[in-house]
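An overview of the molecular structure
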Amino acid sequence: MKFLLLLLLGSLSISSGFANKNYKTLAKELFKQPDVSDVRLTPGNRGLSYLSSRKGISRLELLDLESGRTYTASVEDTPDIYDYYWIDRDTVLFFAQKLGTPIGAYTASYKLASVKPADFYRVYDTLPDTENLYIGKDDNFDEKFNDLYLINAKNGSRKRIEENDGTILAWFTDKDGVTRIRYTIDEYERDRYAYRSSADDDWRDIDINGHPVGVLFHGGPDEFIVFVRHDGDARFAAYTFNGAKNEYVDSVLEHEEYDILYNLIVVDPETEKTYGFQYDLQKPKTHWLDPEMAEISARIDRQHPATFNQVLGYDSEKRSVVYQRFSDKRPNEWLRFYIETGEEELLLQELPEIDTEQSAKTEPITYLARDGTKIHGYLTRATSQPTQPSKALLMIHGGPRARDRWGWDAEAQYFSKLGYHVLKINYRGSEGYGIEFSPYSHIDSIESSVRDTVDGARWLVDQGLASPGKIAIYGSSFGGHVSLCSAAAEPEIFFASMGYAGVYDWPTHLDKAFEEQPVYARLKTNTYYPDFEKNRAHWFAASALPQAEKISCPVFLIHGRSDETVSATQSRRMHKALKKAGKQSQLKILSFNRHGFTLEKNRISFYSSLAEFLEEASP
């Protein structure tokens, strides 16, 4: 999430001691709700829709590209808008919440007028060139096995188009809304796919021969791009597959070190023509499937080499394109690039008050773990003394099958302003680096993530940026486990350990997860949790809870009372174990929080609390 930085922060960066006294002010400036987020071209390419923030409440707005006028959807009692979908050129369906709980759905016209309540269904796929219709699924259902319905957004009528027999985890639909690919898992935990050329054809098994993570319909009538790691291969890559012939056609994109996993598809919002897809290496990149769009993108890159520039699509007359740009020092901006002249027009800014000259630079780094494995990460140096030794903070992501990425990072900017060198680590288990780096076995990630993180702390010492005993560590969710276990493994390195919504007793956590989703839990038990019941003692020993005696630094545990992903009991039990062992531990339960932060004031309070704790614990 990207946040606000005022000019007065220039003075805060001069001295970390002075900055520490102003961490609450700094948190308010950096962790406010973004002015603009979730920006999308509308069907017909007439405007840009987005969520805007006013006093911490998100509203749906639209910027008409022809007139330059802005329109706002007005809803009674002003609820928080958290998601929306364009159903066709003149109809948008959007969803409202209060305190993070969904409370209703609404429809509105292109200019966000004629707002009316709508039935609440989860959107599975849109049909933007078909009036009023979309594909949805029930709100009250087992998320892993759902039926699909053709739903009229205006009158709420629906027709079931796919019935789930209790084995189908996903369908993939083409631009016309026809389910063309069906995904199941067999009794041997193997992924199975079936294909059909049209709605009137029978399903036929196809031989993907691997573990796909996505499908993109592009090319001939029966061709699609599949992102897959073939059996026996080390990494995911993109290939063209012909479903009718049941054969691979060619390779689209592969890399010798990174998985090719898309995180954005560039597609026309009405015709759904695919122009390309975005993916991550050390920094984000775009693979273009359309030569004209590739050339326009290259022209923009030549004008702005310091930022990542992502073209989103044309305007309605194809005289210009809208593109998004950002960097490690610059939050998101959306601009209009005129194709003939090369002139540009600034349309929207995520955080317009940010002074990019005062932002810290984030460097992609690598280091070798103790066994010689290359580990990737991102270093944001303290603004007060970027080349000198300072306090350091390791910030560990959750998952584990997630990763940190290059770009504007409010967390890193915040703590660098407070005088910390901030290191974010993509430990083993993080996605994007191949099957050997991120094996499916969860217990492997539970253990290797701790070793890699400790080795990252040692790397900071070797670089002359920090000293043992002057490094703190923070992690959320899975990262909370890493934070406390790292402090237990090498107590002489860390002066503080913090965990938000962490898992500290793996057998108890997994028992609860398996109980709540018993059918789904069995689908990949041996793949992700091999011999779990047989080796419960091993899983527990790898947890933070039994290692409380080994932790010598102060610990700060924070958890949302309403967290449905990781029970707050995990943090309560960890706190109790630390206290019983005579350790310094603080526990803070946030009343309305779930697994993440919905409210701006909670986010500001959270980071202020972390900074205050670090200041008190700092040697």
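Residues numbered from 1 in each chain as written. Predicted model: local features only at pLDDT ≥ 70, side-chain atom pairs only at ≥ 80, totals over all residues. Heavy atoms only, no water.

1. Focus: the sheet that holds strand S19 (residues 237–242)
One open sheet accounts for four strands, arranged S17-S18-S19-S20; its pairing is antiparallel. One side of each edge strand has no neighbouring strand; the edge strands of this open sheet are strand S17 (210–217) and strand S20 (247–253). Averaged over all adjacent pairs, the angle separating strand axes in this sheet is 35 degrees, with direction ignored. Bridge count for S19 against S20 is five bridges, and the pairing is antiparallel. Residue pairing for S20: Ala-238 is matched across the bridge by Leu-253. (Pairing = 2+ DSSP bridges. Helix = DSSP H or I, 4+ residues; strand = E, 2+ residues; numbered from the N terminus. Axes fitted to C-alpha atoms, helices over the stretch in contact; angles between N-to-C directions.)

2. Things to note about the packing of aromatic side chains
The final tally for this structure, using the stated rule, is 37 aromatic pairs. On the numbers, 5.5 Å between centres and 45 degrees between planes, the contact of Tyr-258 with Tyr-433 is tilted. Here Tyr-258 is found in the loop between S20 and strand S21 (262–267), whereas its partner Tyr-433 is found in the loop between strand S31 (420–426) and helix H6 (442–462), with 175 residues between them in sequence. With centroids separated by 6.1 Å and ring planes inclined at 80 degrees, the aromatic side chains of Phe-415 and Tyr-420 adopt a geometry described as edge-to-face. The burial state of Phe-415 is the same as that of Tyr-420; both residues are buried. A network of ring pairs unites the aromatic residues Phe-31, Tyr-414, Phe-415, Tyr-420, Tyr-474, Tyr-500, Phe-606 and Tyr-607 as a single cluster. The aromatic ring of Tyr-84 is capped on one face by Arg-40, whose charged end is 3.9 Å from the ring centroid. Sitting above the plane of the Tyr-110 ring, Arg-46 keeps its charged end 3.9 Å from the centroid. (Phe/Tyr/Trp six-rings, centres within 6.5 Å; stacked < 30°, edge-to-face > 60°. Buried < 20%, exposed > 50% of the residue type's maximum accessible area, 1.4 Å probe, protein only. Lys NZ or Arg CZ within 6 Å of the ring centre and 35° of its normal.)

3. Overview of the confidence of the model for the protein chain
For the protein chain, the average pLDDT comes to 91, and 95% of its residues sit at 70 or higher. Predicted confidence for residues 1–21 stays below pLDDT 50, and this span has 63 contacts to residues more than four positions away or in other chains. (pLDDT = per-residue confidence, 0-100. Contact = heavy atoms within 4.5 Å.)

4. Quick look at the pattern of salt bridges
Within this structure, the stated rule accounts for 34 salt bridges. One salt bridge connects Arg-40 with Asp-83, and the closest N-O pair in it is separated by 3.2 Å. Here Asp-83 lies in strand S5 (residues 80–88) and Arg-40 lies in strand S1 (residues 36–41), a separation of 43 residues in the sequence. Between Glu-162 and Arg-196 there is a salt bridge whose closest N-O contact spans 2.8 Å. In this pair, Glu-162 is assigned in strand S12 (residues 158–162) and Arg-196 in the loop between strand S15 (191–195) and strand S16 (204–206), connecting sequence segments 34 residues apart. Neither Glu-162 nor Arg-196 differs from the other in exposure class; each is buried. The network of salt bridges with common partners includes Arg-370, Asp-455, Arg-458 and Glu-490. (Salt bridge = Lys/Arg side-chain N within 4 Å of Asp/Glu carboxyl O.)

5. Structural notes on helix H3 (residues 23–30)
Of all the residues in H3, the buried ones are Tyr-23, Leu-26, Ala-27, Glu-29 and Leu-30. All buried residues of H3 project into a common sector of 165 degrees when viewed along the axis, lining one side. (Arc of directions from axis to C-beta.)

6. Topic: the sheet that holds strand S9 (residues 122–126)
In space, the four strands of this open sheet follow the order S9-S10-S11-S12, with antiparallel pairing throughout. This sheet does not close on itself; its edge strands, each paired only once, are S9 and S12. When the angles between neighbouring strand axes are averaged without regard to direction, this sheet yields 40 degrees. Where strand S11 (residues 148–152) lies against S12, four bridges are found, and the strand directions are antiparallel. Pairing of Leu-148 across the sheet is with Glu-162, part of S12.

7. Some points on the environment of Gly-596
Examined against the element boundaries, Gly-596 turns out to sit in the loop between strand S35 (585–590) and helix H13 (600–617). Judged by its relative accessible area of 35%, Gly-596 falls in the partly exposed class. Sequence separation between Gly-596 and Glu-363 is 233 residues; the distance between their C-alpha atoms is 26 Å.

8. What to know about the packing of H3 against H13
At a minimum axis distance of 9 Å, the contact between H3 and H13 shows a crossing angle of 145 degrees. As H3 runs across H13, the sense of the crossing is right-handed. Between H3 and H13, the contacting residues are Tyr-23, Lys-24, Ala-27 and Lys-28 on the first element and Ile-604, Ser-608, Ala-611, Glu-612 and Glu-615 on the second. When its residues are assigned to classes, the contact of H3 with H13 shows four nonpolar, one polar and four charged. (Left-handed = near helix turned anticlockwise from the far one by under 90°. Nonpolar A, V, L, I, M, F, W, Y, C, P; charged D, E, K, R; others polar.)

9. Observations concerning the environment of Phe-478
Structurally, Phe-478 is set in helix H7 (residues 478–489). The class of Phe-478 is buried, set by a relative accessible area of 2%. Taking the C-alpha atoms as reference points, Phe-478 and Ser-449, separated by 29 residues in sequence, lie 9.7 Å from one another. Sequence-distant contacts of Phe-478, that is, excluding residues within four places in its chain, are made with His-397, Gly-398, Gly-399, Pro-400, Tyr-427, His-442, Ser-445, Ile-446, Ser-449 and Trp-506.

10. So, the pairing of S17
Of all eight residues in S17, six are buried, a share of seventy percent or more. As paired strands, S17 and strand S18 (residues 223–230) are joined by seven bridges and run antiparallel to one another. Considered in S18, the bridge of Val-215 is made with Val-226. Where S17 folds back onto S18 in an antiparallel hairpin, the turn is made up of five residues, including Gly-219, whose phi is positive at roughly 110 degrees.

11. Some points on helix H5 (residues 410–417)
Along H5, eight of the eight residues are buried, which leaves the element largely enclosed by surrounding structure. Among the residues making up H5, those that are buried are Ala-410, Glu-411, Ala-412, Gln-413, Tyr-414, Phe-415, Ser-416 and Lys-417. The N-terminus of H5 is capped by Asp-409, whose side-chain oxygen sits 3.0 Å from the backbone nitrogen of Glu-411. A positive phi of about 95 degrees marks Gly-419, the residue just after H5. (Polar contact = N/O pair within 3.5 Å; in protein donor to acceptor, adjacent residues only side chain to side chain.)

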